[in-house]
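One-letter residues, chain by chain:
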Amino acid sequence: MVLDHYNTHKKPKNFSFKNANTIKIYFSKFSKVFLVIIFQLVIIHYIYQSPSKPSSSSIHQYTTQQIPAPKSDDRCKHGTVYVYDLPAKFNQDLLDNCADLDPWHSRCKAVSNHGLGPMAAGLSSAVPENLSPAWYWTDMFAGEVLYHSRMLRHACRTTDPDTATAFYIPFYAGLAVGRYLFSNHSAQDRDASCAELLRWVGNQAPWRRSRGGDHFIMLGRMTWDFRRSRDGDWGSGFIYMAQMKHVLRLGVERDPWDPLEISVPYPTGFHPRSDRELVQWMEYVRTANRTSRFAFVGGKRQMKGDFRTILQDQCREESGSCRMVDCSGTRCYDGTSEIMEAFLASEFCLQPRGDAHTRRSTFDCMLAGSIPVFFWKRSIYNQYEWFLGDEPDRFSVFIDRRAVRNGTTSIRKVLESLSIDEVRRKREKVISLMPKFVYKSGEDGSAKDAFDFAVDGVLRRMHKRGDSTT
């Protein structure tokens, strides 16, 4: 309940300032001074009282008055970010109509809670009890919502476009395009929202000055969902539209040959509220009791020569060394504690390509302190360099899928050939990388997370670009 302060400070009905003699009767000189002081304090209170708390259901909850002032330290040394206030149809309306984002089931849970999703349940057997509130069933394609929410309250956000170094376009392209990917929709349907967005932003003064060269966007789906070159092919043609020629793009998977794309980590289910919680989790996985040599989490695909089927078969054959979670159908879609339990109990985790070359599972695996095993170079090489570095061999293992497919290589034997010291070094490297690929949910602490590293990288790049054009 909100108190009505104005009503609690009403004047007495019969009070009058017109009769000075009456005032003298009721008040001494000291009382007059005291009354004046009280009256001034009341006025000051109403002038400076805090605004009411905004609703948590809207992406526009962070008003200009609530934006933290850019810090004077090194945090913003490369500049500030201006966030476009787009028409609601490009972001908020998609959230409000979340039941229509997928032809098979509602996506409302997936995009809830500013992209974190619903609170996770049933994890008591896998995570420390005091860390349970930091776990969510976060959807792997919710990054657009998560990034927008975080950008609105970023310390280096500015509301003055004339002073900005970079311009963020909070368009939920993945949600907008995803509505039409799995149904019988035309290329025009898949491109309509993207084309309309570019018409809108193309009329803005900052865009006209740079032709989008100092602008960036976050794409919540893989890059291949936006690279349709012919009308009959998969996806949208967003990236190939003329106005996107200079725009920097953050995405969960990049085209290794596109210098304007930066791959950012898929969001996992762990969103620590403080630096202390992250450190506690890192120590927890470091001391986990790993009873299996390797694990495989995934489902079969109904296609000839499916590599996931081969991995499942090998895992069953090596049941004494391999732990498997069969995710066929939609069993793992909304999350299950079995996934984290399997990774925590395994030294290594098998990471074949997914719908594209990268997988959300890679980050779930590393979050558990398990060492990823890749079978395609493109699953990790030239991906996530801002977050994982450019030496994947330091924290992972590569096994050529062709040798596994033709039966000349045993996964178990390859992994058992690694020395104890080598395994320990790789695991320590995985754990040391966690602060760079985990997305926090709280502001308690000074350590940066994946979002901060992404924005820092964008600002460095835009700052460098600005220097080169002056």
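Note that the structure is a prediction, hence the values are computed from the model and not measured.

Colleague: Explain the overall build of the protein chain to me, please; I cannot follow it from the model alone.
Modeller: A count of helices and strands for the protein chain gives 17 helices and 11 strands. Going through the 470 residues of the protein chain one by one, you find that 50% of them count as buried. Pairs at least 24 apart in sequence give 73% of the contacts found in the protein chain among residues at least 6 apart. Accessible area for the protein chain stands at about 23600 Å²; split by element, carbon and sulfur atoms hold 52% of it.

Colleague: Can you help me understand the packing of aromatic side chains in this one?
Modeller: The relative placement of two aromatic rings is captured by the distance of their centres and the angle of their planes. All told, the structure shown has 21 aromatic pairs when counted by the stated rule. With a centroid separation of 5.9 Å and an interplanar angle of 85°, the aromatic rings of Tyr84 and Trp200 are classed as edge-to-face. Within this pair, whereas Tyr84 is found in the loop between β1 (81-83) and α4 (92-96), its partner Trp200 is found in helix α7 (residues 187-202), the two being separated by 116 residues in sequence. Their ring planes at 90° and their centres at 5.9 Å tell us that Phe171 and Phe238 sit as a pair that is edge-to-face. You can see Phe171 sitting in the loop between β3 (166-169) and α6 (173-178) and its partner Phe238 sitting in the loop between β4 (215-219) and β5 (248-251), a full 67 residues away along the chain. One exposure class covers both Phe171 and Phe238, and it is buried. Its end group placed over the ring of Phe398, Lys377 keeps NZ or CZ at 4.4 Å from the ring centre.

Colleague: What is the right way to read the sheet that holds β3 from this model?
Modeller: Sheet strands pair by backbone hydrogen bonding; their relative direction is either parallel or antiparallel. Spatially, the 6 strands line up as an open sheet ordered β2-β1-β3-β4-β5-β6, and their pairing is parallel. A single partner strand is all that each edge strand has here, and the edge strands are β2 (157-158) and β6 (261-263). Examined bridge by bridge, β4 and β5 share 4 bridges and lie parallel to one another. Directly across from Met218, in β5, lies its bridge partner Leu250. Along the sheet, helix α5 (residues 143-152) makes contact with β1, β2, β3, β4 and β5, crossing β4 at roughly 135°.

Colleague: Looking at this structure, I do not really get the state of the cysteines. What am I missing?
Modeller: The bond known as a disulfide is covalent and runs between the sulfur atoms of two cysteines. For the coordinates displayed, the defined rule picks out 4 disulfides. A sulfur-sulfur separation of 1.9 Å characterises the disulfide bridge that pairs Cys98 with Cys108. Linking Cys98 and Cys108, the disulfide has an S-S dihedral of approximately 90° and is accordingly described as right-handed. With a gap of 10 residues between them, Cys98 in the loop between α4 and α5 and Cys108 in the loop between α4 and α5 connect regions that are remote in the sequence. Residue class for Cys108 comes out partly exposed when judged on its relative accessible area of 29%. What pairs with Cys349 in a disulfide is Cys365, and their sulfur atoms sit 1.7 Å apart. Disulfide Cys349 to Cys365: torsion about the S-S bond roughly -70°, handedness left-handed.

Colleague: Is there a simple way to think about the side chain of Thr223 in this case?
Modeller: Here Thr223 lies in the loop between β4 and β5. Since its relative accessible area comes to 2%, Thr223 is described here as buried.

Colleague: Would you explain the pairing of β4 in this entry?
Modeller: Put simply, side chains in a regular strand alternate between the two faces of the sheet. Counting buried residues along β4, 5 of its 5 residues qualify, which places the element largely inside the surrounding structure. Of the two faces of β4, the one carrying His215, Ile217 and Leu219 and the one carrying Phe216 and Met218 are both buried. The sheet contact formed by β3 and β4 spans 3 bridges and is parallel. Opposite Tyr168, over in β4, you have Phe216 as the bridge partner.

Colleague: Teacher, can you tell me more about the environment of Val438 here?
Modeller: Its location among the elements puts Val438 in the loop between α16 (420-437) and α17 (450-469). The buried category is assigned to Val438, whose relative accessible area is 1%. With near-sequence residues (within four places) excluded, Val438 lies in contact with Phe270, Pro272, Leu367, Asp449 and Ala450.

Rules of the game
- Residues numbered from 1 in each chain as written.
- Predicted model: local features only at pLDDT ≥ 70, side-chain atom pairs only at ≥ 80, totals over all residues.
- Heavy atoms only, no water.
- Helix = DSSP H or I, 4+ residues; strand = E, 2+ residues; numbered from the N terminus.
- Buried < 20%, exposed > 50% of the residue type's maximum accessible area, 1.4 Å probe, protein only.
- Contact = heavy atoms within 4.5 Å.
- Areas by Shrake-Rupley, 256 points an atom, 1.4 Å probe, with all protein chains shown as cover.
- Phe/Tyr/Trp six-rings, centres within 6.5 Å; stacked < 30°, edge-to-face > 60°.
- Lys NZ or Arg CZ within 6 Å of the ring centre and 35° of its normal.
- Pairing = 2+ DSSP bridges.
- Axes fitted to C-alpha atoms, helices over the stretch in contact; angles between N-to-C directions.
- Disulfide = S-S within 2.5 Å.

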